[in-house]
Structures are given as C-alpha cells and as structure tokens.
Amino acid sequence: MRMSEIFAPTLREVPAEAEIASHKLMLRAALMRKTMAGVYTYLPLGWRSIRKVEQIVREEMDRQGGQELFMPALQNPEPWQRTGRYDDYGSEMFKFKDRGGREVCLGPTHEENITTHVADEVRSYRQLPKLLYQIQTKFRDEIRPRYGVMRGREFIMKDLYSFDADQQGLDVSFERMYEAYCRAFTRMGLDFLVVEADSGAIGGKVSKEYMAIAGIGEADIVVCEKCGYGANVERAEITARPEASACECPPMSKVETPDVRTIEQLERFLSVPAGRMIKTLVYLADGEPVVALLRGDRELNELKLRNAVAAREVSLADEETILRVTGAPVGFAGPVGIKCPKVIADFEIPAIMCGVSGANEKDVHYKDLCYGRDFGPFELADLRNAVEGDLCPDCSNPLVAKKGIEVGHLFKLGAKYSVPLGCTYLDDKGESHPMVMGCYGIGITRCVAAVIEQHSDEKGIIWPMSVAPYQCTVVVVNTTDERQLEAGEALYAELMAAGVEALIDDRDERPGVKFNDADLIGIPIRVTVGPKGLDKGCVELKMRRDAQARLVPVEDAAEEIKAIVDAEMDRLEPCKR
Ligand SMILES: [Zn+2]
C-alpha cells in the first residue's frame, strides 16, 4: 500500500475526548474515528489489525475443535424472556419495536440464540460435545462509554458456547478453551494473567478471566509473584486472620462529634487513622437488616457479605431502617449496643485496639473500643476486598496489586440456560438430561486496545509483528530524487514478491512528517531510503522498538527483512517458545 493513496488521516493533536494511551493512539494513528458515544468506524489500518486478531482467535478456536457460525445481531426476545434475562439485563440491552409493533432487541451476548438452535437440532449423546462460536458485533447500552473501544456500546467479540453431556465433558471443553486463550493472547504479544473470577465460597472455580496487565486497566487485581495466583480484588479470598493482642486501652468513652459523619471527617477531627475505625454498615439481606463491621480503610464486598449471610440479595439499608437499627441518623452507627439480630464482623475487627466508631447517637462517637471487652463477640467472616499486602490464599506470600484489562472470560454455565430453553439430549439408555454448557468470550476490539496499551511510547504504537497492520514500511526520504524513488520502489516490489506486507511512503512530504507518521502508526520494521545510505549502496533498517538503525546493502535488504518478519512471528508462537 502506498502512503500517497492510503486512507489514513493521522492526527498531530491529541483529541480532547481521549483519556488513555490506546484511545489517543487509535484516533491519532488513524485506526478509527468516533461516530457517536461509544461507537466507532474502523479505518483501513485499524481494520487490518482487528482482522489479524480475529484470525489468531479463529485459528485457536478451530485448533480445539470449535466450529464457526454466525448469528444475527437482531434478536428475538422470546428465548430471553424464557431465561428471565430480558428484564434482568435492564437498560443495558438495546430494545425497540419493529414496524409491526413487535419487540426486538440487539444481542449483548448469544446464549439464548445458540441454545435454542442446539435444543432444536441435537438429540443424542452421540452428537456431543459441540463447540460453536462466532466473531460478531455486540451491543451494550453502557451508561458511560469511555476509554475508546475499551468500554464501547458496539464492539466485536468472539463468543464460543460448549455443549456437553456432563460435568466431566464440560471440564474438558473448559480446559481446551483455557489452552486456546493462552495461545491466542501469547500470539498477539499480550502480557496477561489468568485470574479467578469467582470467590471460592460459592461452589468452586467456575470462572476465569484473562487480564492484560496495564497501567490504566479498569479491573483491580492482586497477584502472587511466588505461585502465580491471581484474582480480582473483589474475588480474592482473604484467609489470614490477624491476631488480636490483649486490650490495654483506657475504658471506652464518648466524644462529641458534631456533624462528623464520614471516615475522612473523623480522621481529621479525632486524629485517628482510618485503620483504627470500625465502619458499621447496615444492609438489607433479602429484606432483613444485617450489620457488617469492617476497618475504616477497607471496602465492603457485597458478594462476600451475601455469601456470609446466605442471602440471595443484599443492598444498603434505607435511612428508616438505619434509624430503627441504630437509633441514630446515618453516619453515627457503631457496634456498641446495636439492636440488630444479625451482626457480622470482618476478620480484622478483633485486632483493632482502641478503636473508634459511632455511638448510635446523633453527633456522638465512641473511642478506645476493644472487641470482646466493649462489643461482640460477633460472627466473623471475610467481608472485604483484597488489597496489596494481603496474603496469598494458596501460599501465604504477600500479594501485589496490579491493574488489568479484561480481554477474555471463561465461564462454566452448567444447566443455567439448557433447562429453561429445553436443551436436552438422550443418553445411551434413552433417558433425557439437560446439556451442560460453558461460554467463552474474547473482546476482539478490546484486545487491539490492550496490545496498544502494552506496546507504545510517547511517539506512537509499537506493534507486535503478529497484529501489525503492515509488517514493514519503506520511507523514501525525498521522492523528487530519482535515485531514491527508484531504489525505494524496487525494494517495495521485492518485499511484496517475498510475501512481506509492506507500505511505501512515496508522499512528497518533508522527511520529518514521514518519520513522525511511521513512528505514530508503529509498523515494526522501517527502511529508510535516503542519500546517505545510497552513497554506500545501502538502506537504513530500523526496528520501531529500537533506537538505533543499521545499514544494510540494498541487494540484501528484502531477504533480511523477510527473515526478521519470520523470526518475529516465531517469537510470538507459543509452541516455539
Ligand atoms: Zn501464592
């Protein structure tokens, strides 16, 4: 492709709407343009990279026995109503009426669609397993689309659905996808981690997330650098129970705290660190009040609370319930004398010495509180999100906090969809059973953004060879010089003949403009054809990731570039690592 002809309107200025590197660069390097909030047109350079990511994913799905098909974006609401998700999805699902007044929706995912077909067509255990996938556009009406394609309203996803006869079959399918995902992300050049996405408390490890490590990730994760354990901070199990030492505090006493309600206000007012405060939260668990106690500097994890009280649903209590349970307005709740049949304290609460909490009285707090002496004992549980320094649940090594971009997700669904949608098979005795399902997603467009987050610098993108829109760019320094233009054109033709995906910058532009665009677009290999090199019978060869260029004889250049391309592709091939 010629830079004089390509539709690649690069931008010198950083667009105001973009906050993160990948979003800025996808706009500046002319990979895409916004059409409205969270919706993008992919331009030729961006589309080439997206297609390469798709192809890697496709090859890895096929390698594991996946069969590609293509489902409609436009969805029939009927199966969604049968699984109960038509309402559950709420306003995140695009819904509208067709000209006949019938409701239609746009698919945010395709469990209902695929399960309906398998229910209709697959009858016998002999036809199982089936691994069916598509690479397709998905729609989610995000409240706040941001970060470019990272959180868009329309995006491209690969979704695979596995149908097995039993749990063992599902385990095999899950394992295959685990392998496929590791291979696919490795081939894209992503530095990733696999984390547990469900807490151990709710029935085993049924879900895994693939996180691309990045400074701006939306997901907070903790990882163990010793044994490789990793989890979302919400999902990480905290098993350590800090030892409580004997209480040596003065007797507890009340302090007047007019209008001091938040942890931050209290920290300033009493000069006590948040870690010594007892945050007292009133929740409703399936409609019944529950009080949760945790350290002032910790975040309550609602899923863990839900598990601890075995409730289907928990939500923060309304002001009226808080007044009834604590006898005080919001902001002054505390564990001393609280009138609630169910109080649960986080594992860290007994270790707080000379603690501070609300006194269940307006404008009053207690100080010098000790667990066991002044309040409690209560039922203890793990109620909080993990933080850096918490101990690894597998090997007790301190965990490190990181940020990640979720690029893939594996989920064991079991019979969640096959039962309501009647997706059953007959076993060898003629008995009917629901199929056991799994679903497995990869955010294709999000992968491209994650690659850029991990492979870029202040000048632009530094594409890994496997997903670069082009592999090599030939920059002719001065196209009005016949000798340079001829040498550049000859090399370009040779590269194309050798099967190298090449660009040639044959524009009548200043060299600085060409070099800036080359760095911004980030093609892995740059060859400069200019007077200095040609005087020695050479061209200048530079990898985008390196600072230094080197001279290569003109007649060897194409062969050498081809060898670099092959070596780089091999480097990203998991089998050869
Ligand atoms: Zn560990």
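Residues numbered from 1 in each chain as written. Predicted model: local features only at pLDDT ≥ 70, side-chain atom pairs only at ≥ 80, totals over all residues. Heavy atoms only, no water.

Undergrad: Explain the state of the cysteines to me, using residue names and the numbers behind them.
TA: Working definition of a disulfide: a covalent bond connecting the sulfur atoms of two cysteines. This model, assessed by the stated rule, comprises one disulfide. Each sulfur in the disulfide pair Cys 249 and Cys 354 lies 2.3 Å from the other. Torsion about the S-S bond of the Cys 249 and Cys 354 cystine: about -100 degrees, corresponding to left-handed handedness. A residue pair is termed long-range when its members are at least 10 positions apart, and Cys 249 in the loop between strand 12 (230-232) and strand 13 (253-256) and Cys 354 in the loop between strand 17 (343-346) and strand 18 (355-358) qualify at 105 residues. Taking relative accessible area as the criterion, Cys 354 reaches 18% and is therefore assigned buried. Of all cysteine sulfurs in the structure, the one in Cys 439 sits closest to Cys 423, which takes part in no disulfide; the separation is 14 Å. (Disulfide = S-S within 2.5 Å. Helix = DSSP H or I, 4+ residues; strand = E, 2+ residues; numbered from the N terminus. Buried < 20%, exposed > 50% of the residue type's maximum accessible area, 1.4 Å probe, protein only.)

Undergrad: I'd like to hear about the nonpolar core, residue by residue, with values.
TA: Counting residues in hydrophobic clusters, the biggest one holds 65 residues, and the most contacted among them are Tyr 181, Phe 185, Met 188, Val 407 and Trp 463. Split by domain, this core shows at least three residues from each of two domains, domain 1 (21-190 + 415-452) and domain 3 (470-576). Once residues within four sequence positions are removed from consideration, Phe 185 is found in contact with Leu 190, Phe 192, Tyr 210, Val 407, Gly 408, Ile 442 and Cys 447. In terms of nonpolar packing, the next biggest core, distinct from the first, is built from 23 residues, Ile 525, Val 539, Ala 558 and Val 565 among them. (Core = buried A, V, L, I, M, F, W, Y, C linked by side-chain atoms within 4.5 Å. Domains from an automatic or database assignment. Contact = heavy atoms within 4.5 Å.)

Undergrad: Go over the coordination of the zinc ion with me, naming the residues and quoting the values.
TA: On the protein side, the zinc ion has Cys 224 (SG), Cys 227 (SG), Cys 392 (SG) and Cys 395 (SG) as donor atoms, found 2.3 Å from it. For the zinc ion, the four donor atoms are set out with angles of 99 to 116 degrees between them, so the coordination reads as tetrahedral. (Donors = N, O, S within 2.8 Å, 3.2 Å for Na, K, Ca; no water. Tetrahedral: all angles 85-135°; square planar, octahedral: opposite > 155°, others 65-115°.)

Undergrad: Hey, could you go over unusual backbone geometry for me, with residue numbers and the actual values?
TA: Residue Pro 129 is reached from Leu 128 by a cis peptide bond, and omega for that bond is 0 degrees. Relative to the helices and strands, Pro 129 resides in the loop between helix 5 (111-121) and strand 7 (130-139). With an omega of 0 degrees, the peptide bond running from Gly 376 to Pro 377 counts as cis. Notably, Ser 271 is not glycine yet its phi reads approximately 50 degrees, a positive angle.

Undergrad: Before we move on, can you summarise the confidence of the model for the protein chain with the specific residues and values?
TA: Per-residue confidence for the protein chain averages 93 on the pLDDT scale, and 98% of its residues sit at or above 70. Under a pLDDT of 50 for its full length, residues 199-204 has, in the predicted model, seven contacts with residues more than four places off or in other chains. (pLDDT = per-residue confidence, 0-100.)

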